[in-house]
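# Secondary and tertiary structure notes
Listed here are the chains, written in short residue letters.
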Protein chains: 2
Amino acid sequence: MIFFVQVKVMPLKELLDPQGKAVMSGLQSLGLNTINDVRIGKNITLQIEADSADQAKKLAEEASQKLLANPVMEYFEISVN
Amino acid sequence: MIFFVQVKVMPLKELLDPQGKAVMSGLQSLGLNTINDVRIGKNITLQIEADSADQAKKLAEEASQKLLANPVMEYFEISVN
């Protein structure tokens, strides 16, 4: 069975996100002054062949730990559709 | 009121995603052979001051159209938490 798994990789909450800060000041120059904070991470869609949703989730976790996320700077969240 | 809005910006389905292809071959070298496809986009969290969730969503839409997404190569999805 084919599962579509979404992995969100975001910068750790304790860390400054310079890319987000740059985009925020861009939005403010465009007149969108009510946007107070912007944080930018990655959204990764995996198409995984697995027997069950649980197995697909485990594979996505392994992929995130080994390659997709850098635990020093990022955390990840997995959701299986 | 403060709303947290998530904007997912992904490469259009018709287009090749070279970053995703590179990550996929990386995963396969790590032995994760059951992952058949990888697509990589951005996940952007906005903190918006607005009167209602609808208004926050509209502001996020405006931000996405004007700055966050490039409609030639990307589509975006908005969800308000």
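Refer to the structure printed above.
None of the values given here were measured: they were computed from a predicted structure.

Before going further, it helps to examine a nonpolar patch on the surface. Residues A:Leu15, A:Val72 and A:Met73 make up a contiguous nonpolar surface patch of about 290 Å² in total accessible area. Since its relative accessible area comes to 66%, A:Val72 is described here as exposed.

An α-helical segment advances 3.6 residues per turn. Residues three or four places apart therefore align on the same side. For helix H1 (residues 18-29) of chain B, with 12 residues, the first-to-last C-alpha span of 17 Å sits near the 16 Å given by 1.5 Å per residue. Along H1(B), the residues classified as buried are B:Gly20, B:Val23, B:Met24 and B:Leu27. The buried residues of H1(B) occupy one face: seen down the axis, they fall within an arc of 105°. Among the exposed residues of H1(B), those oriented more than 90 degrees off its buried face are B:Pro18 and B:Ser29. Structurally, H1(B) contributes buried residues whose contacts are with strand E2 (35-49) and helix H2 (53-68) of chain A together with strand E2 (35-49) of chain B. Of the residues one or two after H1(B), B:Gly31 is the one with positive phi, at around 95°.

With that settled, the discussion passes to the pattern of salt bridges. Residues and elements named next belong to chain B. Across all of its chains, the model carries 8 salt bridges over all chains by this definition. A salt bridge links Glu74 to Lys42, with the shortest nitrogen-to-oxygen separation between them at 4.0 Å. With Glu74 in strand E3 (residues 74-80) and Lys42 in strand E2, this pair connects stretches of sequence that are 32 residues apart. When its relative accessible area of 21% is taken as the criterion, Glu74 is described as partly exposed.

Superposing chain B onto chain A takes a rotation of 180° plus a shift of 0.0 Å along the axis, which leaves an RMSD of 0.0 Å. Look at the turn and shift together and you get a two-fold axis relating the two. Judged by C-alpha distance, B:Lys42 is the residue of chain B that lies nearest the rotation axis, at 2.2 Å. Interface residue correspondence from chain B to chain A reaches 100%, placing this contact among same-surface, isologous pairings.

Residue and element names in this part refer to chain B. In this structure, Asp17 sits in the loop between strand E1 (2-11) and H1. Despite its burial, Asp17 pairs with no opposite charge, the nearest such side chain being Arg39 at 5.0 Å. If sequence neighbours within four positions are ignored, Asp17 has contacts with Pro11, Val38, Arg39 and Ile40.

Here is what the cut-offs are and how they apply
Residues numbered from 1 in each chain as written. Chains lettered and ligands numbered in written order. Predicted model: local features only at pLDDT ≥ 70, side-chain atom pairs only at ≥ 80, totals over all residues. Heavy atoms only, no water. Patch = residues over 30% accessible without salt bridge, like charges linked within 9 Å, V, L, I, M, F, W, Y side chains within 5 Å. Areas by Shrake-Rupley, 256 points an atom, 1.4 Å probe, with all protein chains shown as cover. Salt bridge = Lys/Arg side-chain N within 4 Å of Asp/Glu carboxyl O. Buried < 20%, exposed > 50% of the residue type's maximum accessible area, 1.4 Å probe, protein only. Helix = DSSP H or I, 4+ residues; strand = E, 2+ residues; numbered from the N terminus. Expected span 1.5 Å × (residues − 1). Arc of directions from axis to C-beta. Contact = heavy atoms within 4.5 Å. Least-squares fit on C-alpha atoms with pLDDT ≥ 70 in both. Lys, Arg positive; Asp, Glu negative; His and termini not counted.

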